[in-house]
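# Remarks on the overall topology
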Amino acid sequence: MRDAPDFRDAMARLGSGVGILTTLDPIGRDCGLTVSAVSAVSLDPPLVLVCVKKDGFIHDAIYVADGWSLTFLAVDQLEVARYCARHRHPGARDDFSAWTTRRTDNGELIFTGGVAAVECAPYQFVDAGDHTIAIGEVVRVPADMRGETPLLHVDRAYVTPGDIVD
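Read on for an overview of the structure. (Residues numbered from 1 in each chain as written. Predicted model: local features only at pLDDT ≥ 70, side-chain atom pairs only at ≥ 80, totals over all residues. Heavy atoms only, no water.)

## Here we look at the sheet that holds strand 3 (residues 30-35)
Under the convention used in this document: At least two bridges found by DSSP between two strands are what make those strands a pair. Only DSSP runs of H or I with at least four residues qualify as helices, and only runs of E with at least two residues qualify as strands; both kinds are numbered from the N terminus onward. Only the stretch in contact is used when fitting a helix axis, every axis being a line fitted to C-alpha atoms; angles between N-to-C directions are given from 0 to 180 degrees. What makes two residues a contact is simply this: any of their non-hydrogen atoms within 4.5 Å.
The strand order 3-2-6-9-10-5-4 describes an open sheet built from seven strands, whose pairing is antiparallel. For this open sheet the edge positions go to strand 3 and strand 4 (38-43), each flanked by a neighbour on one side alone. Adjacent strand axes in the sheet meet at a mean angle of 35 degrees, parallel and antiparallel pairs treated alike. With nine bridges joining them, strand 9 (residues 116-128) and strand 10 (residues 131-140) adopt antiparallel strand pairing. Paired with Cys120 across the bridge in strand 10 is Val138. Packed onto the sheet, helix 3 (residues 78-85) meets strand 2 (19-24) and strand 3 and runs at close to 105 degrees relative to strand 3.

## Let's talk about the state of the cysteines
How we decide: Two cysteine sulfur atoms form a disulfide, by the criterion used here, when they sit within 2.5 Å. In this scheme, a residue with accessible area under 20% of its type's maximum is buried, one over 50% is exposed, and one in between is partly exposed, where area comes from a 1.4 Å probe on protein chains only.
For the structure shown, the criterion picks out zero disulfides. Free of any disulfide, Cys31 has its nearest neighbouring cysteine sulfur in Cys84, separated by 10 Å. Taking relative accessible area as the criterion, Cys31 reaches 3% and is therefore assigned buried. Note on Cys51: no disulfide assigned, nearest cysteine sulfur contributed by Cys120 at a separation of 13 Å. Under the relative-accessibility criterion, Cys51 is labelled partly exposed at 24%.

## Looking at helix 3
Cut-off, in case you're wondering: To be clear, the arc concerns the directions from the helix axis to the C-beta atoms.
Looking at helix 3, one finds that the buried residues are Val80, Ala81 and Cys84. Down the axis, helix 3 shows its buried residues gathered within 105 degrees of arc, on one side only. Against the buried residues of helix 3 lie strand 2, strand 3, strand 8 (109-111) and strand 12 (157-159).

All quantities given are derived from atomic positions and should not be read as evidence of function.
Rendered as structure tokens:
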């Protein structure tokens, strides 16, 4: 596309929630990635999608993982969003000891200060240009999330929700 920068700028205007995708790499190390391209797909079965850049460090790990989790962040979790958005190479090591987490039954991390989370089993992978659409079947929605106000991302900035518009 000749106007790729214009397309990127246009999509930056679409506000979204901020999530952290977590999984374990093939040797059992924690991996986390800040994501905003997340969507519900189906209620029956319950499916959610997340878009992952093919040359990103976490891409190959989701293909071999037994599952992954998505934590939807609260406004006071801005630092974990920034940490997981940093550039790193495949095989890089993440250290999440600075944040309150717990493990799922499959071993991935959930950031318990988030506003919501879903635990997923792999369902389908779809090739989509320079990204892969990873579709997960939701196997659990944790009830122990403590966050109240969601963290949002729009215009390449993290923001808090504004006034409700009816």
